[in-house]
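For reference, the chains in residue letters:
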Amino acid sequence: MSVDLSLDYFALFGLPYRFRLDEEALDRAWHALQAEVHPDRHAHLPDSGQRGAIAGALRVNEAYAVLKKPVTRARCLLELAGVSQDAVNARVPSPECLFEQLEWREAVEEARKANDIDALEQFALRLQIQTDGIITYLAEQLDGRRDLEGAADTVQRLTFIDKLRLEIDNALAAFDNYN
Amino acid sequence: MALLQIAEPGQSAMPHKHRLAVGIDLGTTNSLVATVRNGIAVCLTDEQGRALLPSLVHYRDNDIELGFDAMNARVSDPRNTIVSVKRFMGRGLADVAHIEAMPYIFEETPGMLRLRTAQGSKSPVEISAEILRVLRKRAEASLGGELTGAVVTVPAYFDDAQRQATRDAARLAGLHVLRLLNEPTAAAVAYGLDNTSEGVYAVFDLGGGTFDLSILKLTRGVFEVLATNGDTALGGDDFDHRLYCWALDHARIAPPSAEDARRLQMAARAVKELLTVSEEAPFRLRLDSGEEVDLTVTRTDFFEMTRPLVQKTLVPVKRALRDAGLSPRDVKGVVMVGGATRMPHIQRTVAEYFGQEPLTNLDPDKVVALGAAMQANALAGNRREDDQWLLLDVIPLSLGLETMGGLSEKIIPRNATLPVARAQEFTTFKDGQTAMSFHIVQGERELVSDCRSLARFELRGIPPMAAGAARIRVTFQVDADGLLSVSALETSTGVEASIHVKPSYGLTDDEIAAMLRSGLENADGDQAARALREQRVEAERILEACTQALAADGDLLDEAERTAIDALIARLRKLTAGHDAATLSEGVNTLSRATEDFAARRMNRTLRSALTGHNIDEL
């Protein structure tokens, strides 16, 4: 059994098909939906029934996770507009974009090898500022110009950056182990 | 599956009927049971009026002593008197710190370690079940009836193996587990932060053997855990151990016997507790060996020797804040939980880090049990619909799969809101390959060997195809208890591949069944009678829920569907009067299956109305 799977994430949450997000509205809708479907609301019922009820809660949480993060939200919008995930991943990055990636990666690797926590934290901060700029640009592409091809490129660039940030986080977490 | 779950969320189908539900804090040092009576959460006490039950189990040749009764046996029979068993839950020998200072005879068995006692080999699950059984009986005697269910608390940072072990122990003790609830989240509920407060709170929970730090955001009756972190091998016991080592150093005595070691450890705990209220404390005792220990410990000494432990608590604090994307200034209040937070230098360190005095107005020993009782009351359906809160908790540690080169590829990231599921596609690398094996691990480190091994499983029955043609979709699901399950499907043919999960730690269902059969429950009387009683309760629940669901949304069914369901209801009613547990169970399952589709339709209706109705504004 499941929630109405024909509803896409935006429709499920009653949100407009836009990249710019009213975070408060997202949270409110999430809480309202979970208030209905969360397993805690069905715990007094037979075991067999609870297992079925979980599907709705899973779907709602998945939707929330996708809508909350800019990269996944953008991918979801592109998919709804007919640009599949595979199509986004298959975009060929521009040489500048690739060069930028290489440079960043080397910088992170160097700081990691030198155990330079400050440098890593500085880099994470720079990346954050960079990301904020890219997201503003992506909003313009998706909500303003409806430039889907351009948006797909930007999403791919953001995906790279996300991976890099995860690596920095992991590196920083590893340092804490030895504190 | 059964319908019913969807209708009036959280509300009992029969509001006038109060269900007996309890919250249990299964602690390293002490355990408690609490319930909600006349709307107020209270701890249930033993005949002497004591709420705390020391988590001590003494195995004698023919019987078991427990709690306060086992206090003396800690010294007289240390080998058979198990303290702090929580530290062994879901753990192998290599995982446990200071094992050399423990008097037990350990056995390394695949999965969890075991202890050899006067009554033979015991697993930590069985030992914990003894404690839980006493609490269940206390509750049943005090409340005057069989329990509908219990919420059992676990450290937020417990991994899957430790959670499984806790749930197994509860089942072994004859408890119906409504939910495993994270201790810091339970504390947040008890603090009643829901109605009066909004904003971000931190819960600092330092117990006897575990440390948790959870960051929660409270909005309109929703407790949302933003991030959790911790150390399941850091607690008050470690402070005792530092004092113990310090005393061995300074008293210049020979390596102590098991009995003397226990004496010294107990003295160390007493000194630690005294130092909470006084500037210095005597560490004085006479050992069996004839040696004398006569030392004085000042607060400064104690703070100095335990400074590294206090600093260790700040690591999870920083990590949780970073994961939540917050700084200490964003935290509106810090709730202190666990007996070990009474230590003045802990309170000072927390106050300095967050720039505010922590909240200590509830008894740090009881707050978790009280919160668990409130949640148990809600889960049992005893609360009114307009008086509900919602807990949105998270998975503490990432789940990953072993990939080439012994690396872990993360499937579900830490701090994902529960329940959560993620699917991953795999393909075969040989022509005609019909099986694949997987290794699931939990933890943040890159190398599989640095993470905890949860399970290995084999996928069988993949239709033979050319290499790379099969598309196997493996779904990992973590439920609201934080427990993992796995399923798999070959998507190009729709063939469901069978999965055999072999837990690396924890017990299989067969093992639990075997333990139950082995007569552990004999004290509770006739097994069969108990099974029948349980099935009747289950049957009544589903009948009650069905009736209510049909009354509310019967229009979703056509005439034929309605007739079929009505017939099954009538049949189950008849079976309830009988005496055959197996047939009754079958009747419950049949009705449950027959109403699955109805349940799905009701779910859709509810979801739609949740968004089109007034619910959002009301919340």
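As a convention, each chain's residues are numbered from 1 in the sequence order in which they are written. For this description, chains carry letters from A and ligands carry numbers from 1, given in the order in which they are written. Local features in a predicted model are, by the rule used here, given only for residues with pLDDT of at least 70; side-chain atom pairs are given and counted only at 80 or more, and totals for whole chains, interfaces and linings are based on all residues. To get the side-chain values, all heavy atoms of the structure are used, and hydrogens and water are removed first.

1. Some remarks on the overall build of chain A
Spelled out, the test is: Each helix is a run of H or I in the DSSP string that is no shorter than four residues. Each strand is a run of E no shorter than two, and both are numbered from the N terminus. Exposure categories follow from relative accessible area, calculated using a 1.4 Å probe and restricted to protein chains: below 20% of the type maximum is buried, above 50% is exposed, and the middle band is partly exposed. Reported accessibility uses the Shrake-Rupley method at a 1.4 Å probe radius. Residues are deemed covered only where the shown protein chains occlude them.
Scanning chain A from terminus to terminus reveals eight helices and zero strands. Going residue by residue from the N terminus, the α and β elements of chain A occur as α-α-α-α-α-α-α-α. Counting every position in chain A, which comprises 179 residues, the buried fraction comes to 47%. Roughly 8,600 Å² of accessible area belongs to chain A as shown, and the carbon and sulfur atoms make up 53% of that amount.

2. Quick word on the side chain of B:Ser398
Residue and element names in this part refer to chain B. Applicable threshold: Between N or O atoms, a polar contact is any pair within 3.5 Å; within protein, one atom must be a potential hydrogen donor and the other a potential acceptor, and residues adjacent in sequence are included only when both atoms are from side chains. Pairs of residues are marked as contacts when any of their non-hydrogen atoms sit within 4.5 Å.
With respect to the helices and strands, the residue Ser398 is situated in the loop between strand S19 (390-392) and strand S20 (399-403). Among the polar contacts listed, one links the side chain of Ser398 to the backbone nitrogen of Arg414, at a separation of 3.0 Å. Within the structure, the side chain of Ser398 is placed 2.8 Å from the side chain of Glu444, a separation counted as a polar contact. Setting aside residues no more than four positions away along its own chain, Ser398 makes contact with Lys410, Ile412, Pro413, Arg414, Val441, Gln442, Gly443 and Glu444.

3. Side note on the sheet that holds strand S10 (residues 120-122) of chain B
All names here are of chain B. Basically, it comes down to this: The pairing criterion is simple: DSSP has to find at least two bridges between the two strands. Throughout, an axis means a line fitted to C-alpha atoms (over the contacting stretch in the case of helices), and angles, computed between N-to-C directions, take values from 0 to 180 degrees.
The three strands are arranged S8-S9-S10 in an open sheet whose pairing can be described as antiparallel. The open sheet is flanked by strand S8 (105-107) and S10, the only strands paired with a single partner. With strand direction ignored, the average angle separating the axes of adjacent strands in the sheet is 35 degrees. Taken together, the three bridges between strand S9 (residues 114-117) and S10 define a ladder with antiparallel strand orientation. From the neighbouring strand, Thr117 faces S10, where its bridge partner is Gly120. Across the sheet, helix H2 (residues 124-143) lies against S9 and S10, angled at about 80 degrees from S10, the strand it touches most.

4. What about the nonpolar core?
Inside soluble globular proteins, nonpolar side chains tend to come together where they are buried. Here is the rule: In this text, buried Ala, Val, Leu, Ile, Met, Phe, Trp, Tyr and Cys residues form a nonpolar core when linked through side-chain atoms within 4.5 Å. The source of the domain bounds is an automatic or database domain assignment.
With 49 residues, the main nonpolar core has A:Phe13, A:Leu78, A:Leu120, A:Leu138 and A:Leu142 as its most contacted residues. Secondary structure elements with two or more residues in this core: helix H1 (9-12), helix H2 (23-37), helix H3 (47-68), helix H4 (70-80), helix H6 (95-113), helix H7 (117-145) and helix H8 (148-176) of chain A together with S19 of chain B. Element by element, the count of residues in this core is highest for H8(A), at ten residues. When residues of this core are sorted by domain, at least three fall in each of domain 1 (9-68) and domain 2 (85-176) of chain A. When residues no more than four places from it in sequence are discounted, the contact partners of A:Leu138 are A:Phe19, A:Ala74, A:Ala151, A:Thr154, A:Val155 and A:Leu158. Counting residues in hydrophobic clusters, the runner-up holds 47 residues, among them B:Val200, B:Phe211, B:Ile215 and B:Leu243.

5. Some thoughts on the packing of aromatic side chains
Just so we agree on the cut-off: For this analysis, a ring pair means two rings from Phe, Tyr or Trp (six-membered ring only for Trp) whose centres lie within 6.5 Å, classed as stacked if their planes differ by under 30 degrees, edge-to-face if by over 60, and tilted for the remaining angles. As a reminder, the over-ring test applies to NZ of lysine and CZ of arginine, requiring each to be within 6 Å of the ring centre and within 35 degrees of the ring normal.
Considering all chains together, one arrives at nine aromatic pairs over all chains under this definition. With a centroid separation of 5.6 Å and an interplanar angle of 40 degrees, the aromatic rings of A:Phe10 and A:Tyr17 are classed as tilted. Among the residues examined, A:Tyr17 registers a relative accessible area of 47% and is labelled partly exposed. Site record: aromatic cluster; members linked through ring pairs are B:Phe88, B:Tyr104 and B:Phe106. A:Arg73 extends its terminal NZ or CZ atom over the ring of A:Phe19, reaching a point 4.6 Å from the ring centre. Its end group placed over the ring of B:Phe598, B:Arg602 keeps NZ or CZ at 5.7 Å from the ring centre.

6. Quick word on the confidence of the model for chain B
All names here are of chain B. Note the cut-off: One number per residue, pLDDT, summarises how confident the predictor is, and it ranges from 0 to 100.
For chain B, the mean per-residue pLDDT works out to 86, and 89% of the residues sit at or above 70. Per-element mean pLDDT across chain B ranges from 37 in helix H16 (residues 615-618) up to 98 in strand S4 (residues 53-54). Low pLDDT, under 50, characterises residues 1-15; the predicted model gives this stretch 69 contacts beyond four residues in sequence or across chains. In the model, residues 519-525 has pLDDT below 50 throughout and makes 16 contacts with residues more than four positions away in sequence or in other chains.

7. Some points on H2(A)
Since one α-helical turn is 3.6 residues long, residues separated by three or four positions face the same way. Residues and elements named next belong to chain A. This is how the line gets drawn: In this scheme, a helix's expected span is set at 1.5 Å multiplied by one less than its residue total.
For H2, which comprises 15 residues, the first-to-last C-alpha distance of 21 Å matches the rise-based estimate of 21 Å (1.5 Å per residue) to within 8%. With twelve of its 15 residues buried, H2 lies for the most part within the structure. Within H2 the residues assigned to the buried category are Ala25, Leu26, Asp27, Ala29, Trp30, His31, Ala32, Leu33, Gln34, Ala35, Glu36 and Val37.

8. Overview of the pairing of strand S25 (residues 472-478) of chain B
Residues and elements named next belong to chain B. Only one face of S25 is buried: it carries Ile472, Val474, Phe476 and Val478, and the other face, with Arg473, Thr475 and Gln477, is open. Bridge count between strand S22 (residues 420-426) and S25: seven bridges; the pairing is antiparallel. Bridging from a neighbouring strand, Glu425 pairs with Arg473 of S25. Where S25 meets strand S26 (residues 484-490), seven bridges bridge the pair, whose relative direction is antiparallel. Residue pairing across strands places Val474 opposite Ala488, the latter belonging to S26. Once S25 ends, the chain turns through five residues before running back antiparallel as S26, passing Gly482 with a positive phi of about 80 degrees.

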